[in-house]
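As a plain string of letters, each chain reads:
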Amino acid sequence: MKDTIENSMKKMQEDREDAVHRAQSAEEQARMANQRAETAETTAKILRQRLEAMERTLGEARKTHERTKEAIENKTNRLENIQNQTATLASTISLLEAKSATLKEAHDKLKKLESRLSFEETEKIIKEQDAEKEKKFAEMELMIAKTKELSVKREKEMVEKLKLLEEKQARLKEITAIVERKEKEKEAEKKEETGPTEQN
């Protein structure tokens, strides 16, 4: 009988110790669960902040993209205008050269007529024609020089604009690549944020 009581008390002691152990284990698990929940909440808050920062960055990138695109379109239009002006200048030069050839023909005809006129008349006509011819040639040469100078200047501007346009296009490609990469990172972070939330 005594042994039975002692065994019962021993069994009760073991049950009590086991219950205390289970309670301590449960408390420890609850504490660890709370810590995990706090960590998850902190992580989610950080992810939200990063997401907001990325959204702002993406918004600015899109604005920059639009401004760059508009600038490239303007440069393209200006380049087309320069090309049209260059073509017009080339046409003007051709017309001036044609006029020069016509004046040369007229000069040759004048020389043939000189042999048919008297010496005095010929001398007078020659002086008048030479003066007029020199004046016209001087004006024509000045006009050709200015036209060629303007044409060279326009061509240089066109080359510079083309170079700038290529740089803008390269920058636009870089910005587009950055925007696409940011969007992919945004989607990946959304998935990461959704994963811990579903597990909890």
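Here, every reference points to the structure presented above.
Keep in mind that this is a model prediction, so the values were computed, not measured.

Q: Looking at this model, I keep getting lost on the overall build of the protein. Mind explaining?
A: The helix and strand tally for the protein stands at two helices and zero strands. Computed over its C-alpha atoms, the radius of gyration of the protein comes to 47 Å, more than 25% above the 16 Å expected for a compact globule of 200 residues. With the principal axes as the frame, the protein shows a C-alpha extent of 170 × 20 × 15 Å. On the protein, roughly 16100 Å² of surface is accessible, and the fraction owed to carbon and sulfur atoms is 52%. Where the 44 positive side-chain charges of the protein centre and where its 45 negative ones centre are 3 Å apart.

Q: Help me out: how do you make sense of the environment of Glu-73 in this one?
A: Within the secondary structure, Glu-73 sits in helix 1 (residues 2–114). A sequence separation of 92 residues divides Glu-73 from Leu-165, and the C-alpha atoms of the two residues are 9.2 Å apart.

Q: I tried to follow the side chain of Thr-147 on my own but got confused; where do I start?
A: Counting through the fold element by element, Thr-147 comes out in helix 2 (residues 119–199). Polar side-chain contacts of Thr-147 include one of 2.6 Å to the backbone oxygen of Met-143. Aside from chain neighbours lying at most four places away, what touches Thr-147 is Leu-89, Ile-93 and Leu-96.

Q: Teacher, can you tell me more about the pattern of salt bridges here?
A: Pairing is possible between side chains that carry opposite charge, provided their charged atoms lie close to one another. One pass over the structure, following the stated rule, counts four salt bridges. A salt bridge links Lys-136 to Glu-132; the nearest nitrogen and oxygen atoms lie 4.0 Å apart. Residue Lys-136 and its partner Glu-132 are both found in helix 2; the two are separated by four residues, about one turn of the helix. When its relative accessible area of 39% is taken as the criterion, Glu-132 is described as partly exposed.

Q: How should the side chain of Thr-86 be read in this particular structure?
A: With respect to the helices and strands, the residue Thr-86 is situated in helix 1. When residues no more than four places from it in sequence are discounted, the contact partners of Thr-86 are Ser-151, Arg-154 and Glu-155.

Q: Help me understand the nonpolar core, please; the structure alone is not making it clear to me.
A: Generally speaking, soluble globular proteins have nonpolar side chains that are buried together. Ile-72, Leu-79, Ile-82, Met-158, Leu-165 and Leu-172 form the largest nonpolar core, which has six residues in total. Of all the secondary-structure elements, those providing two or more residues to this core are helix 1 and helix 2. If we skip the residues at most four places from it in the chain, Ile-82 touches Arg-154, Glu-157, Met-158 and Lys-161.

Q: Help me out: how do you make sense of the environment of Gly-59 in this one?
A: Along the polypeptide, Gly-59 turns up in helix 1. Put simply, Gly-59 and Val-179 are 120 residues apart on the chain and 9.2 Å apart in space, counted from C-alpha to C-alpha.

What counts, and where the lines are drawn
- Residues numbered from 1 in each chain as written.
- Predicted model: local features only at pLDDT ≥ 70, side-chain atom pairs only at ≥ 80, totals over all residues.
- Heavy atoms only, no water.
- Helix = DSSP H or I, 4+ residues; strand = E, 2+ residues; numbered from the N terminus.
- Rg over C-alpha atoms; globule rule 2.2 N^0.38 Å.
- Areas by Shrake-Rupley, 256 points an atom, 1.4 Å probe, with all protein chains shown as cover.
- Lys, Arg positive; Asp, Glu negative; His and termini not counted.
- Charge placed at Lys NZ, Arg CZ, Asp CG, Glu CD.
- Polar contact = N/O pair within 3.5 Å; in protein donor to acceptor, adjacent residues only side chain to side chain.
- Contact = heavy atoms within 4.5 Å.
- Salt bridge = Lys/Arg side-chain N within 4 Å of Asp/Glu carboxyl O.
- Buried < 20%, exposed > 50% of the residue type's maximum accessible area, 1.4 Å probe, protein only.
- Core = buried A, V, L, I, M, F, W, Y, C linked by side-chain atoms within 4.5 Å.

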